[in-house]
Amino acid sequence: MALPDMHTAEAIPEAARTEIDRLLQSGDLFRYTAPADAPVSLLEAEFAELLGARFALAVSSCSAALFLSLKALGLPRDARVLIPGFTFAAVPSSVVHADCIPVLCEVGKNYRIDMDDFAAKLPGCAAVIVSHMRGHTSDMDAIMALCDAAGIPVIEDAAHSLGTTWHRRKIGTLGKIGCFSFQSYKMINAGEGGILITDDADLVARAIIMSGAYEHNWKKHPVLQDAFGQHQNQLPLYNLRMSNLSAAVIRPQLPHLSRRVTDGRRNHDHVAAQIGQSPYIDVPAPLAPEVRAPDSIQFNLINMNDAQVDAFVRAADANGVKVQVFGRSADNARAFWNWHFVPDLPDLPQTRAMLMRACDVRLPVHLPTATLDAVSDALLSALETAQGTKAA
Ligand SMILES: *Cc1c(COP(=O)(O)O)cnc(C)c1O
């Protein structure tokens, strides 16, 4: 059967149209024009409620949220920030943008932070960004225990983890700050957009001002007002605000989140069970406390040489499924050795070995079962083709 374009998104709910028409009629696109109840403010209230956080700040991207988080923590220039060696280039970039230095730690074959390397590299770091890459949750019990003991704040990059839970607690609420993305390939699609959540009034007040709440626009945020008074005119304004149009696209998707999460997990587990039968594929299991919210699948090719890995990618493509092996596609933004903007870029042999065999396939949550079966068949038949390939 013909496979659909795996980058298609679900249609934006009809309710967005009425609100967008209203905004176009009134021209009221800037979040701080209306005296109250601007779409961006309503989104912040709804998102905070959904996640069970005290405060939310909507911004232009998850990268902007990560940058503002580091700034709001008041980290000095050249502070060291520990991040996993497997993440999207936007994460070390946000650290560099905040005038801090990314310190990379090793990641295991299961895509999760290697806790021995994490513990070894933590001393001397002023903050940690845990990037739940492709929604894979690292051992948050161990991470929080180490960081709490050392008094080091944890920022969760939950860009791809909206709906994931850890011991039934929502990912993004475990660290001091959680950052999410509304970019099109995430669970909620606004093209671009991000949001940060925290329970810390003083921290969110600083982030709000720096996001571009100039003059007394902060009065439109429901945060303890004393938290703002002391920061007035003390902080730079980076203007990373969200537009009302984006909020109008996001808000009607929030009620669909739990269905998308359930469908995404069902789709993932369906394909994982089928392809996991192959002796050439390992689909790493989640850690016990984690319930995932995937919109893609990652698996490792095992017992295959480089030529066979490349042949597999070509054969899958010919069968209609785009597979990305993170470490073997040119200039991949998730391969740490391409981050030449990071000073003293380390080698991370374990992470590198994982990236050379780790495959990434999108599984949009709206795919029907027949399509999922066709995806599995396409991958399994590509494996057979690859087995016929001799080492180059
Ligand atoms: C998408 C993503 C980002 C970046 O999000 P933007 O909103 O595009 O800035 C950061 N980290 C992870 C893990 C992501 O998946």
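For the structure, see preceding data.
Residues numbered from 1 in each chain as written. Predicted model: local features only at pLDDT ≥ 70, side-chain atom pairs only at ≥ 80, totals over all residues. Heavy atoms only, no water.

**Considerations on the packing of aromatic side chains**
The condition is simple: Here is the rule: rings of Phe, Tyr and Trp (six-membered ring for Trp) pair when centre to centre is within 6.5 Å. Planes less than 30 degrees apart are stacked, more than 60 are edge-to-face, and the remainder are tilted. Going along the chain from the N terminus, every DSSP run of H or I of four or more residues is numbered as a helix, and every run of E of two or more is numbered as a strand. Type-normalised accessible area, obtained with a 1.4 Å probe on protein chains alone, sets the label of each residue: buried when under 20%, exposed when over 50%, and partly exposed for intermediate values.
Counted under the stated rule, the structure contains 9 aromatic pairs. When the ring of Phe47 is compared with that of Phe180, the centres are 5.3 Å apart and the planes differ by 70°; the resulting orientation is edge-to-face. Remark: Phe180 occurs in strand S8 (residues 177-181) and Phe47 occurs in helix H2 (residues 39-51); sequence separation between them is 133 residues. Here Phe47 and Phe180 have matching classes, each one buried. Summarising the aromatic geometry, the rings of Phe336 and Trp337 are spaced 5.1 Å apart at their centres and angled 80° between planes, so their arrangement reads as edge-to-face.

**Some points on the site of the ligand**
For clarity, the cut-off: If even one non-hydrogen atom of a residue comes within 4 Å of a molecule or strand, that residue is called near it. Whenever two N or O atoms come within 3.5 Å, that pair is a polar contact, provided that in protein one can donate a hydrogen and the other can accept it, and provided that, for residues adjacent in sequence, both atoms are side-chain atoms. To be clear on the numbers: accessible area is Shrake-Rupley with a 1.4 Å probe, and residue cover counts the displayed protein chains and nothing else.
As a matter of local geometry, the ligand sits amid Ser61, Cys62, Ser63, Val91, Ser131, Asp157, Ala159, His160, Ser181, Gln183, Lys186 and Gly193. With respect to the ligand, the side chain of Ser63 contributes an N or O atom lying 2.6 Å from an oxygen atom. For the ligand, an oxygen atom lies 2.7 Å from a polar atom in the side chain of Ser181. Considered on its own, the ligand offers 390 Å² of accessible surface; in the complex 92% of this is hidden by protein.

**Considering the nonpolar core**
Using the following cut-off: For the purposes of this section, nonpolar cores are sets of buried Ala, Val, Leu, Ile, Met, Phe, Trp, Tyr and Cys residues that join through side-chain atoms within 4.5 Å. For this analysis, residues touch if any pair of their heavy atoms sits within 4.5 Å.
Formed by 58 residues in total, the largest nonpolar core has its most connected members in Val81, Ile129, Leu196 and Ile208. Ignoring anything within four residues of it in the chain, the contact list for Ile208 reads Tyr32, Leu57, Ala213, Trp218, His221, Val223 and Phe228. Leu43, Ile113, Ala190 and Ala293 belong to the second largest nonpolar core, which has 45 residues in total.

**Points about the pairing of strand S12 (residues 296-301)**
Using the following cut-off: Criterion used throughout: strands pair if DSSP finds at least two bridges between them.
When you tally the buried positions in S12, you get 6 out of 6 residues, the bulk of the element. What you see with S12 is no split at all: Ser296, Gln298 and Asn300 on one side and Ile297, Phe299 and Leu301 on the other are buried throughout. Direction of pairing for strand S10 (residues 281-282) relative to S12: antiparallel, over a ladder of 2 bridges. Residue pairing for S12: Ile281 is matched across the bridge by Leu301. Where S12 meets strand S14 (residues 358-362), 5 bridges bridge the pair, whose relative direction is antiparallel. What sits directly across from Gln298, in S14, is Asp360.

**Focus: the sheet that holds S8**
Filter applied, for reference: Here the axes come from fitting lines to C-alpha atoms, over the contacting stretch only for helices, and the angles between their N-to-C directions go from 0 to 180 degrees.
In spatial order, the strands read S1-S9-S8-S5-S4-S2-S3; together these 7 strands make up an open sheet with mixed pairing. Here the strands that pair on one side only, and so sit at the sheet edges, are strand S1 (55-59) and strand S3 (101-105). Strand-to-strand twist of the sheet, defined as the mean angle between neighbouring strand axes without regard to direction, takes the value 20°. Strand direction decides the pairing type here: strand S2 (residues 80-84) and S3, joined by 5 bridges, are parallel.

**A word on helix H7 (residues 201-212)**
Stated precisely, the cut-off is as follows: A helix is expected to reach a length of 1.5 Å times the quantity of its residues less one.
If you check H7, its first and last C-alpha atoms are 17 Å apart, about what 12 residues at 1.5 Å a residue would give, namely 16 Å. Burial of H7 is extensive: 11 of the 12 residues sit out of reach of the surface. Those residues of H7 that sit buried are Ala201, Leu203, Val204, Ala205, Arg206, Ala207, Ile208, Ile209, Met210, Ser211 and Gly212. Of the residues that open H7, the one with a side-chain oxygen 3.1 Å from the backbone nitrogen of Asp202 is Asp200.

**Section: the sheet that holds S14**
What holds strands together in a sheet is hydrogen bonding between their backbones, with the strands either parallel or antiparallel. If you trace the 4 strands from one edge of the open sheet to the other, you get S10-S12-S14-S13, paired in antiparallel fashion. If you trace the sheet from one side to the other, it starts and ends with S10 and strand S13 (324-325), each paired once. Against the sheet, helix H11 (residues 306-318) contacts S12, S13 and S14, and its axis sits at roughly 150° relative to S12.

**Topic: the side chain of Asp114**
As a reminder of what qualifies: Counted as positive: Lys and Arg. Counted as negative: Asp and Glu. His and the chain ends are not counted at all. Salt bridge, as used here, is a side-chain nitrogen of Lys or Arg placed within 4 Å of a carboxyl oxygen of Asp or Glu.
Counting through the fold element by element, Asp114 comes out in the loop between S3 and helix H5 (115-121). Of the side chains bearing the opposite charge, Lys121 lies closest to the buried Asp114, which forms no salt bridge; the N-O distance is 8.8 Å. At a separation of 2.9 Å, a polar atom in the side chain of Asp114 contacts the main-chain amide nitrogen of Asp117.

**Some words on unusual backbone geometry**
The phi dihedral of Asn239 is positive, around 50°, even though this residue is not glycine. In this structure, Asn239 sits in the loop between helix H8 (225-229) and helix H9 (244-250).

**A word on the pattern of salt bridges**
If you walk through the whole model with that rule in mind, you get 19 salt bridges. Across the pair Asp200 and Lys176 runs a salt bridge whose closest N-O atoms are separated by 3.2 Å. Of this pair, Asp200 sits in the loop between strand S9 (194-198) and H7 while Lys176 sits in the loop between strand S7 (169-170) and S8; the two residues are 24 residues apart in sequence, bridging distant segments of the chain. For Arg352, the salt bridge goes to Asp347, with nearest N and O atoms at 3.2 Å. Judged by relative accessible area, Arg352 falls into the partly exposed class, the value being 29%. A relative accessible area of 48% means that Asp347 is categorised as partly exposed. Within the structure, one salt-bridge network assembled from shared partners comprises Glu10, Arg259, Arg260, Asp263 and Arg266.

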